[in-house]
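This is what each chain is made of:
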Amino acid sequence: MTSIVSGAVSTVAELGKDESFMRGWLEEQPSRLGLGELEVADSATDDALVVTDDERCFSVDVQLGEMEASRGFQVLDNWARNRVVHPDKTHVAVLVTEVMSDRYQTTLETLSEHLPLVVVELQVWKGENEAIVIPHVALASDDVDLAETPAAKAAEVVAKVTDEDVETEPEQTTDETE
């Protein structure tokens, strides 16, 4: 039987971990990205995690906290370079972040219309003695099929909860008495 414990929303930094740790944690078991059963490619470099399945090559950049513009360019640079290294695969740029900034959302959405791009947000829940990291797809190009992946399923749950929150917010009324 699964025990139910209380917890709180947290961040990777609040757990005392950094981007290097997170990249290593994902590299150790690439399925933690939530994008399916993946393997680390031998072309992975210090700046990028490269993971593959049978048909695709994912160039992954990990950024903790809120997304910065420079990281968007870095993941696209790694994606372009890996297209040369693995010409036999379909390439996807993957930005892993804790928060996809509203500031860059329109830009990322526009890029995803022209390039295979996925943004995975990591939600962290901290219990008394453990933390759970839940990846969910915050943004994905239409031509990148992630329908049956854990991160896509998590995104559906997040969207449903967000929609329910919007529907249950009380309506604001104005008092027009003089």
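Figured I'd write up the structure that's included with this text. All of these numbers come straight from a predicted model, not from anything done at the bench.

With respect to the overall build of the protein chain
Here is step 1 of the chain: The secondary structure content of the protein chain amounts to four helices and seven strands.
Here is step 2 of the chain: Counting helices and strands in the order they occur from the N terminus, the protein chain gives β-α-β-β-β-α-β-α-β-β-α.
Here is step 3 of the chain: Burial status across the protein chain gives 40% buried among its 178 residues.
Here is step 4 of the chain: Contacts spanning at least 24 positions in sequence make up 56% of the contacts within the protein chain whose residues lie at least 6 apart.

Examining the side chain of Arg 56
Here is step 1 of the chain: If you trace the backbone, Arg 56 turns up in strand β4 (residues 56–66).
Here is step 2 of the chain: On the basis of relative accessibility, which here comes to 17%, the residue Arg 56 falls in the buried class.
Here is step 3 of the chain: Setting aside residues up to four positions removed in sequence, Arg 56 forms contacts with Val 51, Lys 89, Thr 90, Val 92, Val 144, Asp 145 and Leu 146.

Looking at the pairing of strand β7 (residues 131–140)
Here is step 1 of the chain: Relative to β7, strand β6 (residues 117–126) is paired through nine bridges, and the arrangement is antiparallel. Within β7, the residue paired with Leu 122 across the bridge is Pro 135.
Here is step 2 of the chain: In this antiparallel pair of consecutive strands, β6 and β7, the connection spans four residues.

What to know about the packing of aromatic side chains
Here is step 1 of the chain: The tally for this structure, following the rule as stated, stands at zero aromatic pairs.
Here is step 2 of the chain: Cation over ring: Lys 17 sits above Phe 21, and NZ or CZ is 4.7 Å from the ring centre.

A closer look at the pairing of β4
Here is step 1 of the chain: Most of β4 sits inside the fold, with nine of its 11 residues counted as buried.
Here is step 2 of the chain: Relative to strand β5 (residues 90–99), β4 runs parallel, the two being bridged by nine bridges. What sits directly across from Ser 59, in β5, is Ala 93.
Here is step 3 of the chain: Where the polypeptide runs from β4 across helix α2 (residues 69–85) and back to β5, its parallel neighbour, the crossover connection is right-handed.

Structural notes on helix α1 (residues 19–28)
Here is step 1 of the chain: Buried within α1 we find Met 22, Arg 23 and Leu 26. In a view along the axis of α1, the buried residues occupy a sector of 100°, so they form one face of it. Across α1 from its buried face, at more than 90 degrees, point the exposed residues Ser 20 and Glu 28.
Here is step 2 of the chain: As for α1, its buried residues are in contact with β3 (49–52), β4, β5, β6 and β7.
Here is step 3 of the chain: The backbone nitrogen of Ser 20 has a side-chain oxygen 3.3 Å away, supplied by the residue at the start of α1, namely Asp 18.

Conventions used here
Residues numbered from 1 in each chain as written. Predicted model: local features only at pLDDT ≥ 70, side-chain atom pairs only at ≥ 80, totals over all residues. Heavy atoms only, no water. Helix = DSSP H or I, 4+ residues; strand = E, 2+ residues; numbered from the N terminus. Buried < 20%, exposed > 50% of the residue type's maximum accessible area, 1.4 Å probe, protein only. Contact = heavy atoms within 4.5 Å. Pairing = 2+ DSSP bridges. Phe/Tyr/Trp six-rings, centres within 6.5 Å; stacked < 30°, edge-to-face > 60°. Lys NZ or Arg CZ within 6 Å of the ring centre and 35° of its normal. Right-handed = clockwise from strand over helix to strand, strands pointing away. Arc of directions from axis to C-beta. Polar contact = N/O pair within 3.5 Å; in protein donor to acceptor, adjacent residues only side chain to side chain.

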